[in-house]
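If you want the building blocks of each chain, they are given just below.
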Amino acid sequence: MRILFVCTGNTCRSPLAEGLLRIRVHKEGLVAEIRSAGVSAVTGGPISRNSASILKEAGFEEQISSLAIQASEVNWADLILTMTIGHKRAVIQHFPDAIDKTFTLKEYVEDDPRTLQAIAEREQLVTELQLKQALAQTVSVEERSRILTLENSIPDYDISDPYGGSIEIYRQTAKEIGRSLDKLVQKLSNHK
């Protein structure tokens, strides 16, 4: 399994997810390659000092540099996990062929059946409405209302952005990511 984490600048959240998952995968004896990239990143830059400190505290010794998402990374990945819905939309907009393998991290590890059903219905409805708009067809009040109802029933799948915050804010984000990574490791273990 090849997993690509994506955030904005590939300096805070996605490098944390990359490093923390590498630690978990190694500990569990799973086989996975893990990378990270950013939708607005500069390739070759350093990750944030706070993210690097948290990874070091966790026992991750490797160096991670920022990477701008490219077709080669998208093609390499079996699974693309973004930190926010906005990142997911950006990936799909730039790489439409990746739609079936791109999810937010929290969405991918969601295990509540009712929520999963609402997500599937929302995605289908949004696609239908975008097609209607592209064909200059009117979107009904009922259709708009149904999307809002679905949106309100789905949890927030964005991972908080610690950018510019204190080390404590980064630790909170790392814990938030870690909870989802624990579920991800369980999911990967079940698919061995």
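Here the structure is a predicted model, which is why all the values come from computation and not from measurement.

Draft legend 1. The overall build of the chain, seen in detail. Helices and strands together make up the secondary structure of the chain, namely eight helices and four strands. Starting at the N terminus and walking to the C terminus, you meet the elements of the chain as β-α-β-α-α-β-α-β-α-α-α-α. At 17 Å, the chain has a C-alpha radius of gyration in line with the 16 Å of a compact globule built from 192 residues. Across the 192 residues that make up the chain, the buried fraction comes to 46%. The contacts in the chain between residues at least 6 apart in sequence include a share of 73% that link residues at least 24 apart. By element, 50% of the accessible surface of the chain is carried by carbon and sulfur atoms, the whole surface being about 10,600 Å². Here the chain carries 23 positive and 26 negative side-chain charges, and the mean point of each set is 3 Å from the other.

Draft legend 2. Fine view of the UniProt feature "domain: Phosphotyrosine protein phosphatase I" (unreviewed entry) in the chain. Mapped onto the present numbering, the UniProt feature "domain: Phosphotyrosine protein phosphatase I" (unreviewed entry) falls on residues 1-187. In the segment residues 1-187, helix accounts for 54% and strand for 10%; the C-alpha atoms at its two ends are 12 Å apart.

Draft legend 3. The pairing of strand 1 (residues 2-7), seen in detail. Counting buried positions along strand 1 gives five out of six residues, so the element sits mostly inside the fold. In terms of strand pairing, strand 1 meets strand 2 (residues 33-38) through six bridges, oriented parallel. The partner of Ile-3 across the bridge, within strand 2, is Ile-34. Read from strand 1 through helix 1 (residues 13-28) to strand 2, the crossover connection turns out right-handed. Across four bridges, the pairing between strand 1 and strand 3 (residues 79-82) is parallel. Bridge pairing in strand 3 places Val-6 opposite Thr-82.

Draft legend 4. Molecular detail of the UniProt feature "active site" (unreviewed entry) in the chain. Here, UniProt's "active site" (unreviewed entry) annotation points to Cys-7 and Arg-13. Secondary-structure assignment places Cys-7 in strand 1. Relative to the assigned elements, Arg-13 resides in helix 1.

Draft legend 5. Inspection of the sheet that holds strand 1 at higher detail. With parallel pairing, four strands are arranged side by side in an open sheet as 2-1-3-4. On the outer flanks of this sheet lie strand 2 and strand 4 (102-104), each paired with one strand and no other. When strand polarity is set aside, the average angle formed by the axes of neighbouring strands in this sheet is 25°. Here three bridges tie strand 3 to strand 4, and the two strands are oriented parallel to one another.

Draft legend 6. Expanded view of the packing of helix 2 (residues 49-57) against helix 8 (residues 167-190). Running from amino to carboxyl end, helix 2 crosses helix 8 at an angle of 60°, the nearest separation of the two axes being 9 Å. Considering the angle they form, helix 2 stands oblique to helix 8. Judged by the sense of rotation from one axis to the other, the crossing of helix 2 with helix 8 is right-handed. Facing Asn-50, Ser-51, Ser-53, Ile-54 and Glu-57 of helix 2, the residues of helix 8 in contact are Ile-167, Tyr-170, Arg-171 and Ala-174. Residue composition of the contact of helix 2 with helix 8, by class: four nonpolar, three polar and two charged.

Draft legend 7. Structural context of the domain arrangement of the chain. Taken as a whole, the chain is organised into domain 1 (2-110 + 156-191) and domain 2 (113-153). Just the C-alpha atoms count here: the centres of domain 1 and domain 2 sit 28 Å apart. Taken together, the four residues of domain 1 in the interface contact five residues of domain 2. A combined buried area of about 390 Å² lies between domain 1 and domain 2, and 53% of that area is made up of carbon and sulfur atoms.

Each value, and the rule that gives it
Residues numbered from 1 in each chain as written. Predicted model: local features only at pLDDT ≥ 70, side-chain atom pairs only at ≥ 80, totals over all residues. Heavy atoms only, no water. Helix = DSSP H or I, 4+ residues; strand = E, 2+ residues; numbered from the N terminus. Rg over C-alpha atoms; globule rule 2.2 N^0.38 Å. Buried < 20%, exposed > 50% of the residue type's maximum accessible area, 1.4 Å probe, protein only. Contact = heavy atoms within 4.5 Å. Areas by Shrake-Rupley, 256 points an atom, 1.4 Å probe, with all protein chains shown as cover. Lys, Arg positive; Asp, Glu negative; His and termini not counted. Charge placed at Lys NZ, Arg CZ, Asp CG, Glu CD. UniProt positions renumbered as here; feature names shortened; annotations may be inferred. Pairing = 2+ DSSP bridges. Right-handed = clockwise from strand over helix to strand, strands pointing away. Axes fitted to C-alpha atoms, helices over the stretch in contact; angles between N-to-C directions. Parallel < 35°, antiparallel > 145°, perpendicular 65-115°, else oblique. Left-handed = near helix turned anticlockwise from the far one by under 90°. Nonpolar A, V, L, I, M, F, W, Y, C, P; charged D, E, K, R; others polar. Domains from an automatic or database assignment. Buried area = accessible area lost by both parts, 1.4 Å probe.

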